[in-house]
Structures are given as C-alpha cells and as structure tokens.
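For reference, the chains in residue letters:
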Amino acid sequence: MGRAAEMLGTTPGFLRAIGEARLITPLRSEGGHRRYSRYQLRIAARARELVDQGTPIEAACRIVVLEDQLEEAQRINAEYRQAEAASQDKTGN
C-alpha cells in the first residue's frame with residue numbers, strides 16, 4: 001500500500017478511504033499486503049484528482065464509477081456500430 005500511495009502521490013489513508021468507499025478492492029498477498037492492479041491505480045489516481053479539486057471523497061468515488069461505466073458503454077456501442085456496418089457491407093445495404 002505504501003508503494004502504491006507513493007506512486008500516486010497520496011497517502012495510504014486515501015487508499016484505505018477509497019477502499020472503504022468500495023471504489024477499489026485490492027487483492028491481498030499471502031502476508032496480508034494490499035496488491036493493486038494497474039486499473040485500480042488508474043481509478044485511484046482519477047479519484048485523487050477529483051478530491052484535489054475539492055470534491056468530497058464519496059462523490060469523487062461515485063463520479064469515477066459513473067465515468068468508468070460510461071466509457072464501457074461507449075466501447076460497447078462502438079463495437080455494435082462496427083458490427084452493424086460490417087453486416088451492411090456484406091448485404092450491400
């Protein structure tokens with residue numbers, strides 16, 4: 001946790017807080033140390049940006065979740081559009 005906090009320029013307390021808010025749930029090593037994925041670190045960094053701008057931590061966590069959901073929905077939409085375009089190309093419509 002200390003290394004992750006250092007990488008993000010934040011404190012272990014901040015990482016604990018976003019964990020308690022259920023924004024991220026790190027895996028645990030055999031020794032009980034928290035292990036964060038790159039994705040979790042990216043999410044934590046975005047939450048940190050929002051908090052630094054004055055957003056309360058609970059609101060920052062909700063915003064990050066919504067941004068992530070929007071990004072996923074946009075990706076899925078793009079895949080559907082590509083599949084539809086490919087289907088139309090095959091049928092000549």
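Details of the structure are given in the entry above.
Summarised in this report is the structure supplied together with it.

Rules of the game
- Residues numbered from 1 in each chain as written.
- Predicted model: local features only at pLDDT ≥ 70, side-chain atom pairs only at ≥ 80, totals over all residues.
- Heavy atoms only, no water.
- Core = buried A, V, L, I, M, F, W, Y, C linked by side-chain atoms within 4.5 Å.
- Buried < 20%, exposed > 50% of the residue type's maximum accessible area, 1.4 Å probe, protein only.
- Helix = DSSP H or I, 4+ residues; strand = E, 2+ residues; numbered from the N terminus.
- Contact = heavy atoms within 4.5 Å.
- Salt bridge = Lys/Arg side-chain N within 4 Å of Asp/Glu carboxyl O.
- Expected span 1.5 Å × (residues − 1).
- Phe/Tyr/Trp six-rings, centres within 6.5 Å; stacked < 30°, edge-to-face > 60°.
- Lys NZ or Arg CZ within 6 Å of the ring centre and 35° of its normal.

1. Notes on the nonpolar core
One finds Leu15, Ile18, Leu23, Ile24, Tyr36, Ala47 and Val64 to be the most contacted residues of the largest nonpolar core, which totals 17 residues. Elements that contribute at least two residues to this core include exactly helix 1 (2–8), helix 2 (12–20), helix 3 (38–52) and helix 4 (57–91). The element contributing the most residues to this core is helix 3, with 5 residues. Sequence-distant contacts of Tyr36, that is, excluding residues within four places in its chain, are made with Met1, Ala4, Leu15, Ile24, Pro26 and Leu41.

2. Here we look at the pattern of salt bridges
If the charged atoms of two oppositely charged side chains come close together, the side chains can form a pair. A complete count under the given rule lists 6 salt bridges for this structure. As a salt-bridge pair, Glu6 and Arg3 come within 3.3 Å of each other at their nearest N and O atoms. One end of the pair, Glu6, and the other, Arg3, are both in helix 1, 3 residues apart, so they sit about a helical turn from each other. By relative accessible area, Arg3 is classed as exposed at 54%. Salt-bridge contacts for Arg48 lead to Asp52; the nearest nitrogen and oxygen are separated by 2.8 Å. Taken together, the positions of Arg48 and Asp52, both in helix 3 and 4 residues apart, correspond to about one turn of that helix. Judged by relative accessible area, Asp52 falls into the exposed class, the value being 57%.

3. Notes on helix 3
Count 3.6 residues to each turn of an α-helix, and residues three or four apart come out pointing the same way. Between its first and last C-alpha atoms helix 3 spans 21 Å; for 15 residues at 1.5 Å apiece the expected length is 21 Å, and the two agree. Where helix 3 is buried, its residues meet helix 1, helix 2, strand 2 (34–35) and helix 4.

4. Comments concerning unusual backbone geometry
Of note in this structure, Arg22 is not a glycine but carries a positive phi near 65°. Within the element layout of this structure, Arg22 appears in the loop between helix 2 and strand 1 (27–28). Residue class for Arg22 comes out exposed when judged on its relative accessible area of 73%.

5. Topic: the packing of aromatic side chains
In this structure the tally under the stated criterion is 0 aromatic pairs. It is Arg48 that lies over the ring of Phe14; its NZ or CZ is 4.5 Å from the centre.

6. Focus on the side chain of Thr55
Mapped onto the secondary structure, Thr55 falls in the loop between helix 3 and helix 4. Judged by relative accessible area, Thr55 falls into the buried class, the value being 19%. If we skip the residues at most four places from it in the chain, Thr55 touches Leu50, Ala60 and Ile63.

It is worth stressing that arrangement in space is one thing and function is another; only the former is reported here.
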